[in-house]
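Survey of secondary and tertiary structure
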Amino acid sequence: MNRYKVRAVIELIRQRGHLPVDDFGNMLSPDEIMVRLALNDVLTPGERMAVRWELVAIMEAQNAIDHIKENMS
């Protein structure tokens, strides 16, 4: 597994400022993100698993931030 490739992919996704969403504004699942960005074509199985774990962590953090923002207003 190439940890540098995994980090570069995650950083590229994070630079967008938000995770990809569907037509209704709902965050895509990690697997849907992987397909949309064609990551399965460039990552090994181990790298795909590492990226999925990172995406789950980003999603949980984003959900927590959204919840906090809702309660602050």
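In what follows, the structure referred to is the one given above.
Presented here is a report on the structure given in the accompanying data block.

The rules behind these values
- Residues numbered from 1 in each chain as written.
- Predicted model: local features only at pLDDT ≥ 70, side-chain atom pairs only at ≥ 80, totals over all residues.
- Heavy atoms only, no water.
- Helix = DSSP H or I, 4+ residues; strand = E, 2+ residues; numbered from the N terminus.
- Contact = heavy atoms within 4.5 Å.
- Axes fitted to C-alpha atoms, helices over the stretch in contact; angles between N-to-C directions.
- Left-handed = near helix turned anticlockwise from the far one by under 90°.
- Core = buried A, V, L, I, M, F, W, Y, C linked by side-chain atoms within 4.5 Å.
- Buried < 20%, exposed > 50% of the residue type's maximum accessible area, 1.4 Å probe, protein only.
- Salt bridge = Lys/Arg side-chain N within 4 Å of Asp/Glu carboxyl O.

Its place among the elements puts Arg-48 in helix H3 (residues 45–72). Apart from residues no more than four positions distant in its own chain, Arg-48 is found in contact with Met-34, Asn-40 and Leu-43.

What follows is about the packing of helix H1 (residues 3–15) against H3. Their axes nearest at 10 Å, the elements H1 and H3 cross at an angle of 35°. For H1 against H3, the interelement crossing comes out right-handed. Across the interface between the two elements, Lys-5, Val-6, Val-9, Ile-10, Ile-13 and Arg-14 from H1 touch Glu-47, Ala-50, Val-51, Glu-54, Leu-55 and Ile-58 from H3.

Quick look at the nonpolar core now. One finds Leu-19, Leu-39, Val-51 and Leu-55 to be the most contacted residues of the largest nonpolar core, which totals 15 residues. Within the residue set of this core, elements represented by two or more residues are H1, helix H2 (30–36) and H3. With five residues, H3 is the single largest residue contributor to this core. Non-local contacts of Leu-39, meaning those with residues more than four positions away in its chain, are made with Val-9, Ile-13, Met-34 and Val-51.

Glancing now at the pattern of salt bridges. A side chain of one charge can pair with a side chain of the opposite charge when the charged atoms of the two come close. A full pass over the atoms with the stated rule returns three salt bridges. Measuring nitrogen to oxygen at the nearest pair gives 3.0 Å for the salt bridge that ties Lys-5 to Glu-47. Placement of Lys-5 in helix H1 and of Glu-47 in helix H3 is noted, with a sequence separation of 42 residues between them. Relative accessible area serves as the criterion here: at 28%, Lys-5 is assigned to the partly exposed category.

If you trace the backbone, Asp-23 turns up in the loop between H1 and H2. Judged by its relative accessible area of 80%, Asp-23 is exposed. Measuring from C-alpha to C-alpha, the distance between Asp-23 and Trp-53 comes to 24 Å, with 30 residues separating the pair along the chain.

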